[in-house]
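# Residue-level structure breakdown
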Amino acid sequence: MKLMPRVGPLLACALALANAAANAQAGAKLKRWGMDVAKRRGSKRAKVALARKIAVILHRMWVDGTTYRWTDTQPVAVQV
């Protein structure tokens, strides 16, 4: 993957995740959100916003120990 020379490994990972989400299936919730941002603010800002949104989701999953729900269904309680 070719990136800008001054991009750190975490930012490179976040941008790669944003790119993967942007190229996901047509009905994906994150892709739809990213496309809406791209219409309003442009594609470069949308990629960064999508990378940040994914980072926030991953951080919350890490802190809470939850799994990402692709649909809007109610979560199932997990006992630890």
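Residues numbered from 1 in each chain as written. Predicted model: local features only at pLDDT ≥ 70, side-chain atom pairs only at ≥ 80, totals over all residues. Heavy atoms only, no water.

### Notes on the overall build of the chain
Spelled out, the test is: The helix and strand labels rest on DSSP assignments: H or I over at least four residues marks a helix, E over at least two residues marks a strand, and numbering proceeds from the N terminus. Accessibility here uses a 1.4 Å probe with only protein chains present; expressed as a share of the type maximum, an area under 20% marks a residue as buried, one over 50% as exposed, and anything in between as partly exposed. Each accessible area is a Shrake-Rupley result for a 1.4 Å probe, and residues are judged covered by the shown protein chains and nothing else.
What the chain contains, in helices and strands, is 3 helices and 0 strands. The N-to-C order of helical and strand elements in the chain reads α-α-α. Within the chain, the fraction of its 80 residues that count as buried is 16%. Per element, the accessible surface of the chain, about 6,900 Å² overall, is 60% carbon and sulfur.

### Quick word on the environment of Leu30
Here Leu30 lies in helix α2 (residues 29-41). C-alpha of Leu30 to C-alpha of Ile54: the two residues are 24 residues apart in sequence and 8.5 Å apart in space.

### A closer look at the pattern of salt bridges
A side chain with one charge may pair with a side chain of the opposite charge, provided their charged atoms come close. We count it as follows: Basic side-chain nitrogens of Lys or Arg form a salt bridge, by our definition, when they fall within 4 Å of a carboxyl oxygen of Asp or Glu.
Within this structure, the stated rule accounts for 1 salt bridge. Of the charged contacts in the structure, one is a salt bridge between Arg60 and Asp64, with a shortest N-O distance of 3.0 Å. Of this pair, Arg60 and Asp64 both sit in helix α3 (residues 43-64), 4 residues apart, which is roughly one turn of the helix. Residue Arg60 is classed as partly exposed on the basis of its relative accessible area, which comes to 41%.

### Things to note about α2
Short version of the rule: Here the expected length of a helix is defined as 1.5 Å per residue gap, with one fewer gap than residues. Arc definition: it is the arc formed by the directions from the helix axis to the C-beta atoms.
Compared with the 18 Å implied by 1.5 Å per residue over 13 residues, the 18 Å span of α2 between its first and last C-alpha is a close match. Among the residues making up α2, those that are buried are Leu30, Gly34 and Val37. Each buried residue of α2 lies within a common arc of 60 degrees when the element is viewed along its axis, so the set occupies one face. Counted as exposed and oriented over 90 degrees from the buried face of α2: Lys39 and Arg40. Gly42 sits one or two positions beyond α2 and adopts a positive phi of about 105 degrees.

### Some remarks on the confidence of the model for the chain
Residues shown with low pLDDT carry predicted positions that ought not to be read at fine detail. As a reminder of what qualifies: Per residue, pLDDT captures the predictor's confidence, and it can take any value from 0 to 100.
Residues with a pLDDT of 70 or more make up 68% of the chain, whose mean pLDDT is 75. For the chain, per-element mean pLDDT is lowest for helix α1 (residues 9-22), which scores 73, and highest for α2, which scores 87.

### Concerning the packing of α2 against α3
This is how it is decided: For helices, the axis comes from a line fit to the C-alpha atoms of the stretch in contact; other axes are also lines fit to C-alpha atoms, and the angle between any two N-to-C directions lies between 0 and 180 degrees. Two helices that cross are described as forming a left-handed crossing if the nearer one is turned anticlockwise from the farther one by less than a right angle, and a right-handed crossing if clockwise. Whether two residues are in contact is decided by their heavy atoms: any pair within 4.5 Å suffices. Following the grouping adopted for this structure description, the nonpolar residues are Ala, Val, Leu, Ile, Met, Phe, Trp, Tyr, Cys and Pro, the charged ones are Asp, Glu, Lys and Arg, and the polar ones are all others, Gly among them.
Close contact between α2 and α3 brings their axes to 8 Å; oriented N to C, the two are set at 145 degrees. Pair α2 / α3 crosses with right-handed handedness. Seen from α2, the contacting residues are Leu30, Trp33, Gly34, Val37, Ala38 and Arg41; seen from α3, they are Ser43, Arg45, Ala46, Ala49, Leu50, Lys53, Ile54 and Ile57. Residue composition of the contact of α2 with α3, grouped by class: 9 nonpolar, 2 polar and 3 charged.

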